[in-house]
Amino acid sequence: MNIAVLVKQVPDTYSERKLSAADHTLDRESADAVLDEINERAVEEALLIKEAQGGEVTVVCMGPDRATDAIRKALSMGADKAVHLSDEALHGTDAPATAKALAKVIGTVEGVDLVIAGNEATDGRSGAVPAMVAEVLGWPQLTFARKVATDGSSVKVERETDAGILTVESGLPAVVSVTEKINEPRYPSFKGIMAAKKKPVSALSLADAGIDASEVGLAGAGSQVVESAPKPPKSGGVKVTDEGEGGVGVAEFLAGEKLL
């Protein structure tokens, strides 16, 4: 099977994250950048399928030049090759345009049977891009999977929702998004890290992928942030001194906050 895995480099959740003062988009230079954790699980699932079925795993990434670090992390885990869409005109691209661009890139990878992605990234958290990619490709979508099984011609997943667990099945090709319950990603070995340096990474511009610059970027986004302000610092809170009436004081405070 030939599997494409969508990965994204995101700001480390332990870093301070900021918006740009100029256009209120994410200031990616202000924080350390890492491969999104849910994408590691998507890569792991692709590798497990490859180990069982044979085939090839291709990492597909859209992002700035430094996203190469995230790509190399996925390659060091065991992916075979990567395609990196990087262009200054992509800055500020919204979710629908991102899905269209990723679908174009997937189209440049020969013989893709299955696309695997994380259900949502920790920066945007739209949780919609995998489904949008499936819609653009015209492929079945099996989202929020906590278990994936495939025989090479069809794919079956256990889909977790607030209402319960559903078993969903479709023919291939298809798009699957996975949740954090899908697996525990492997740690790259030293051999894998060294091998990743020699694995092919195809760098594509918008023109290379057949994408018109007017279809992406901040100017073409369906929504924009027009104003932003830093989160205010936490206040000192309210201290209730217990001199025999502490319980009453706590209850009055909670009632005043409409928590009782």
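How each quantity is defined
Residues numbered from 1 in each chain as written. Predicted model: local features only at pLDDT ≥ 70, side-chain atom pairs only at ≥ 80, totals over all residues. Heavy atoms only, no water. Helix = DSSP H or I, 4+ residues; strand = E, 2+ residues; numbered from the N terminus. Buried < 20%, exposed > 50% of the residue type's maximum accessible area, 1.4 Å probe, protein only. Contact = heavy atoms within 4.5 Å. Areas by Shrake-Rupley, 256 points an atom, 1.4 Å probe, with all protein chains shown as cover. Lys, Arg positive; Asp, Glu negative; His and termini not counted. Charge placed at Lys NZ, Arg CZ, Asp CG, Glu CD. Pairing = 2+ DSSP bridges. Axes fitted to C-alpha atoms, helices over the stretch in contact; angles between N-to-C directions. Parallel < 35°, antiparallel > 145°, perpendicular 65-115°, else oblique. Left-handed = near helix turned anticlockwise from the far one by under 90°. Nonpolar A, V, L, I, M, F, W, Y, C, P; charged D, E, K, R; others polar. Salt bridge = Lys/Arg side-chain N within 4 Å of Asp/Glu carboxyl O. Core = buried A, V, L, I, M, F, W, Y, C linked by side-chain atoms within 4.5 Å. pLDDT = per-residue confidence, 0-100. Patch = residues over 30% accessible without salt bridge, like charges linked within 9 Å, V, L, I, M, F, W, Y side chains within 5 Å.

### Structural notes on the overall build of the chain
Looking only at helices and strands, the chain has 7 helices and 11 strands in total. Reported as C-alpha extents along the three principal axes, the dimensions of the chain are approximately 75 × 45 × 40 Å. Here the chain holds 260 residues, and the buried ones make up 39% of them. Looking at the chain alone, contacts between residues at least 24 apart form 70% of all its contacts between residues at least 6 apart. By element, 51% of the accessible surface of the chain is carried by carbon and sulfur atoms, the whole surface being about 14400 Å². Averaging the locations of the 27 positively and 40 negatively charged side chains of the chain gives two centres separated by 5 Å.

### Examining the sheet that holds strand 6 (residues 114-118)
In spatial order, the strands read 9-8-7-10-6-1-4-5-11; together these 9 strands make up an open sheet with mixed pairing. Each edge of the sheet is formed by a strand with only one pairing partner; in this case those strands are strand 9 (164-171) and strand 11 (201-204). The mean angle between the axes of side-by-side strands here comes to 35 degrees, regardless of whether they run parallel or antiparallel. Against the sheet, helix 3 (residues 95-106) engages strand 1 (2-7), strand 4 (56-62), strand 5 (81-85), strand 6 and strand 11, with an angle of about 145 degrees to strand 4.

### Focus on the packing of helix 3 against helix 4 (residues 129-137)
Between helix 3 and helix 4, the shortest axis-to-axis distance is 8 Å and the interhelical angle comes to 55 degrees. The angle between helix 3 and helix 4 falls in the class oblique. As for the relative orientation of helix 3 and helix 4, their crossing is right-handed in sense. Residues Ala95, Pro96, Thr98, Ala99, Lys100, Leu102, Ala103 and Ile106 of helix 3 touch helix 4, and the partners they reach there are Val129, Met132, Val133, Val136 and Leu137. A per-class count over the contact of helix 3 with helix 4 returns 11 nonpolar, 1 polar and 1 charged.

### Here's the deal with the pattern of salt bridges
With the rule as written, the count across this model stands at 10 salt bridges. Across the salt bridge formed by Glu37 and Arg41, the nearest N and O atoms sit 3.1 Å from each other. You can see Glu37 and its partner Arg41 sitting in helix 1 (residues 37-53), 4 residues apart, about one turn around the helix. Taken together, the shared-partner salt bridges connect Glu37, Arg41 and Glu184 into one network.

### Looking at the nonpolar core
Nonpolar side chains in soluble globular proteins generally cluster together in the buried interior. Ranked by size, the top nonpolar core spans 33 residues in total, and within it Ile3, Val5, Leu114, Ile116, Val148, Val176 and Val178 carry the most contacts. Breaking this core down by element, the ones donating at least two residues are strand 1, helix 1, strand 4, helix 2 (68-77), strand 6, strand 7 (141-150), strand 8 (154-161) and strand 10 (174-178). Discounting chain neighbours no more than four positions away, the residues touching Ile116 are Ile3, Ala4, Val5, Leu6, Ala42, Glu45, Ala46, Ile49, Val176 and Val178. Ranked by size, the runner-up nonpolar core spans 26 residues in total, among them Leu90, Ala97, Val129 and Leu204.

### Brief notes about the pairing of strand 8
As paired elements, strand 7 and strand 8 share 5 bridges and run antiparallel to each other. By the bridge assignment for strand 8, Lys147 is matched with Glu158. Here strand 7 folds back onto strand 8, and the loop between the two strands holds 3 residues, one of which, Gly152, carries a positive phi near 100 degrees. Note that strand 8 and strand 9 share 8 bridges and pair antiparallel. Bridge pairing in strand 9 links Ser154 to Gly171. Counted between consecutive antiparallel strands, the loop separating strand 8 from strand 9 contains 2 residues.

### Quick look at the confidence of the model for the chain
Here the chain averages 91 in pLDDT, while 100% of its residues score no lower than 70. When pLDDT is averaged over each helix and strand of the chain, the minimum, 86, is found for helix 7 (residues 246-256) and the maximum, 98, for strand 10.

### Considering a nonpolar patch on the surface
A grouping of Val238, Val240, Val250 and Phe253 is seen on the molecular surface, where their side chains present a nonpolar patch of about 320 Å² in accessible area. If you trace the backbone, Val240 turns up in the loop between helix 6 (206-209) and helix 7. Residue Val240 is classed as partly exposed on the basis of its relative accessible area of 35%.

### Some details on the side chain of Thr98
Secondary-structure assignment places Thr98 in helix 3. If we skip the residues at most four places from it in the chain, Thr98 touches Met62, Thr93 and Val129.

### Regarding the packing of helix 1 against helix 2
Two numbers describe how helix 1 lies on helix 2: the axes approach to 10 Å, and their chain directions differ by 30 degrees. On the basis of the axis angle, helix 1 is roughly parallel to helix 2. Crossing hand, helix 1 versus helix 2: right-handed. In this structure, helix 1 uses Glu40, Val43, Glu44 and Leu47 to contact helix 2, whose residues at the interface are Lys73, Ala74 and Met77. Tallied by class, residues from the contact of helix 1 with helix 2 come to 4 nonpolar, no polar and 3 charged.

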